[in-house]
Amino acid sequence: MERIAVCPGSFDPVTKGHLDIITRASKLFDRVIVLVSKNMMKTRACFSPQERKSLILSVTKDFPNVTVDIFDGLLADYVRDAGAIAIVKGLRAVSDFEYEFQMALANRELYAGAETVFLTTTAENMYLSSSVVKQIAAFGGDISHFIPPEILDFIEKRLLEERLS
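Reading the values: the criteria
- Residues numbered from 1 in each chain as written.
- Predicted model: local features only at pLDDT ≥ 70, side-chain atom pairs only at ≥ 80, totals over all residues.
- Heavy atoms only, no water.
- Pairing = 2+ DSSP bridges.
- Helix = DSSP H or I, 4+ residues; strand = E, 2+ residues; numbered from the N terminus.
- Axes fitted to C-alpha atoms, helices over the stretch in contact; angles between N-to-C directions.
- Expected span 1.5 Å × (residues − 1).
- Buried < 20%, exposed > 50% of the residue type's maximum accessible area, 1.4 Å probe, protein only.
- Polar contact = N/O pair within 3.5 Å; in protein donor to acceptor, adjacent residues only side chain to side chain.
- Contact = heavy atoms within 4.5 Å.
- Core = buried A, V, L, I, M, F, W, Y, C linked by side-chain atoms within 4.5 Å.
- Parallel < 35°, antiparallel > 145°, perpendicular 65-115°, else oblique.
- Left-handed = near helix turned anticlockwise from the far one by under 90°.
- Nonpolar A, V, L, I, M, F, W, Y, C, P; charged D, E, K, R; others polar.

A separate point is the sheet that holds strand 4 (residues 86-91). Pairing between the strands of a sheet is mediated by backbone hydrogen bonds and can be parallel or antiparallel. Across the sheet, which stays open at both edges, the five strands sit in the order 3-2-1-4-5 with parallel pairing between neighbours. Where the open sheet ends on each side, the last strands, each with one partner, are strand 3 (66-71) and strand 5 (115-120). Within the sheet, the average angular offset between the axes of one strand and its neighbour, ignoring direction, is 30°.

Next comes the structure, spelled out in structure tokens:
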């Protein structure tokens with residue numbers, strides 16, 4: 001039986017921290033579906049879901065067991081329909097754990113067929129988030145340390161447009 005994991009997130013934009021979690025998950029599972037999903041807590045996205053999917057495809061092109069999809073519904077429904085056995089979430093800090101633990105319990109209540117697996121971030125990515133990247137870019141800062149190089153130009157251009165608008 002194929003062990004499928006879903007790695008959900010808004011990925012607005014995808015960062016080196018996201019890529020680290022995806023890379024590590026791809027070594028633990030037969031197939032990883034990176035799921036671009038809507039976060040109701042985030043009101044405005046810089047990148048469309050299709051753009052985020054394309055960016056993730058660019059940085060995971062060398063991962064034969066990673067696919068990317070878009071979904072705008074209950075994560076538990078997607079996980080069940082995909083036949084996944086796990087939801088993979090990255091944790092940076094204790095504050096992440098509180099929220100993610102609540103979500104894991106809710107997802108388990110909605111679909112008991114999948115476990116939530118928490119992967120802790122590496123030390124160099126503890127502070128890194130898409131929000132941090134957007135904030136640094138908004139003030140004209142260098143984001144090259146935070147974004148995979150193959151998508152950096154596209155992301156910098158878009159975030160500059162956001163800054164100027």
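Having seen the structure, we can now continue with the description.
What follows is about helix 1 (residues 16-28). Between its first and last C-alpha, helix 1 extends 19 Å over 13 residues, near the 18 Å set by a 1.5 Å rise per residue. Of the positions making up helix 1, those classed as buried are Gly17, Leu19, Asp20, Ile21, Ile22, Thr23, Ala25 and Ser26. One side-chain oxygen at the N-terminal end of helix 1 lies 3.2 Å from the backbone nitrogen of Gly17; it belongs to Thr15.

With respect to the helices and strands, Leu91 occurs in strand 4. A relative accessible area of 11% places Leu91 in the buried class. Here the alpha-carbon distance between Leu91 and Leu74, two residues 17 residues apart in the chain, equals 21 Å. Once you skip the residues sitting within four places of it in the chain, Leu91 turns out to touch Asp96, Phe97, Glu100, Phe118, Leu119, Thr120 and Thr121.

In a regular helix each residue adds 1.5 Å, so 17 residues correspond to 24 Å; helix 4 (residues 94-110) covers 24 Å between its end C-alpha atoms and thus fits that length. Burial in helix 4 covers these residues: Asp96, Glu100, Ala104 and Asn107. Its buried side turned inward, helix 4 meets helix 3 (75-82), strand 4 and strand 5.

With 33 residues, the main nonpolar core has Val34, Val88, Ile143, Ile147, Ile155 and Leu159 as its most contacted residues. Other than its neighbours up to four places away in sequence, Val88 contacts Ala5, Val6, Cys7, Pro8, Ile21, Ala25, Phe29, Val117 and Leu119. Membership of the second largest hydrophobic core comes to ten residues, among which are Val6, Leu75, Ala84 and Ala114.

Here we come to the packing of helix 2 (residues 49-59) against helix 6 (residues 149-164). At a minimum axis distance of 9 Å, the contact between helix 2 and helix 6 shows a crossing angle of 155°. When the interaxial angle is binned, helix 2 and helix 6 end up roughly antiparallel. Helix 6 is crossed by helix 2, and the crossing has left-handed handedness. Touching Glu51, Leu55, Ser58 and Val59 of helix 2 are Glu150, Ile151, Phe154, Ile155 and Arg158, all from helix 6. Class assignment of the residues belonging to the contact of helix 2 with helix 6 gives a composition of five nonpolar, one polar and three charged.

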